[in-house]
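Here's the letter readout for the chains.
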Amino acid sequence: MQAARRASTPLRALHGALLQRLRVQPTGAAWGVLRAMSGEAHAQGTYLDRSQVVDRVLSVLKSNAKVDPAKVSETASFQQDLGLDSLDEVEVVMAIEEEFALEIPDAEADKIKSTRDVIEYVASHPRAK
């Protein structure tokens, strides 16, 4: 049953992307099916406990050679508090991606400017591991 569900997931994603691209608004029974599929996809993802995310994010930052571990906190700004430049920020995002088995899109990565931003992003991502 799970194998069949996994096999149909790419088809569901393709279906949703196609509907979105065509800007077709499903109605009636189709809308109910799509809502059910969306809920099922959401249920397949599991959110990490926020305290786990905080601990792991702080650990990643403290292990960075360019960061003074004493300055790392849940609210630290990468540039102002930790003294990181834009290239260092990219390295931090890459380390976070590796730690949590995520791929953070460039548009989202550009918005991550502090420890709080990282924690919020990862804690709200259903695929973070």
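First, a word on scope: everything that follows refers to the structure included in this document. (Residues numbered from 1 in each chain as written. Predicted model: local features only at pLDDT ≥ 70, side-chain atom pairs only at ≥ 80, totals over all residues. Heavy atoms only, no water.)

## As for a nonpolar patch on the surface
Alright, step 1. A surface patch of nonpolar side chains, amounting to about 300 Å² of accessible area, comprises L87, V90 and M94.
Alright, step 2. Tracing the chain through its elements places L87 in helix α4 (residues 86–100). (Patch = residues over 30% accessible without salt bridge, like charges linked within 9 Å, V, L, I, M, F, W, Y side chains within 5 Å. Areas by Shrake-Rupley, 256 points an atom, 1.4 Å probe, with all protein chains shown as cover. Salt bridge = Lys/Arg side-chain N within 4 Å of Asp/Glu carboxyl O. Helix = DSSP H or I, 4+ residues; strand = E, 2+ residues; numbered from the N terminus.)

## Brief notes about the packing of helix α3 (residues 50–62) against α4
Alright, step 1. With their axes 10 Å apart at the nearest point, α3 and α4 run at an angle of 135 degrees to one another. As judged from the angle between their axes, α3 and α4 are oblique. In the packing of α3 onto α4, the handedness of the crossing is right-handed. Of the residues in α4, those touching α3 at V53, R56, V57, V60 and L61 are V92, A95, I96, E99 and F100.
Alright, step 2. Residues belonging to the contact of α3 with α4 are distributed by class as follows: eight nonpolar, no polar and two charged. (Axes fitted to C-alpha atoms, helices over the stretch in contact; angles between N-to-C directions. Parallel < 35°, antiparallel > 145°, perpendicular 65-115°, else oblique. Left-handed = near helix turned anticlockwise from the far one by under 90°. Contact = heavy atoms within 4.5 Å. Nonpolar A, V, L, I, M, F, W, Y, C, P; charged D, E, K, R; others polar.)

## Re α3
Alright, step 1. Helix length check: α3 (13 residues) gives 18 Å between terminal C-alpha atoms against 18 Å at 1.5 Å per residue, within 8%.
Alright, step 2. Residues V53, V54, V57, L58, V60 and L61 constitute the buried set of α3. Buried residues along α3 cover an arc of 160 degrees about the axis, so they all sit on one side.
Alright, step 3. Those residues of α3 that are buried are in contact with α4 and α6 (115–123). (Expected span 1.5 Å × (residues − 1). Buried < 20%, exposed > 50% of the residue type's maximum accessible area, 1.4 Å probe, protein only. Arc of directions from axis to C-beta.)

Nothing here speaks to function; it is geometry throughout.
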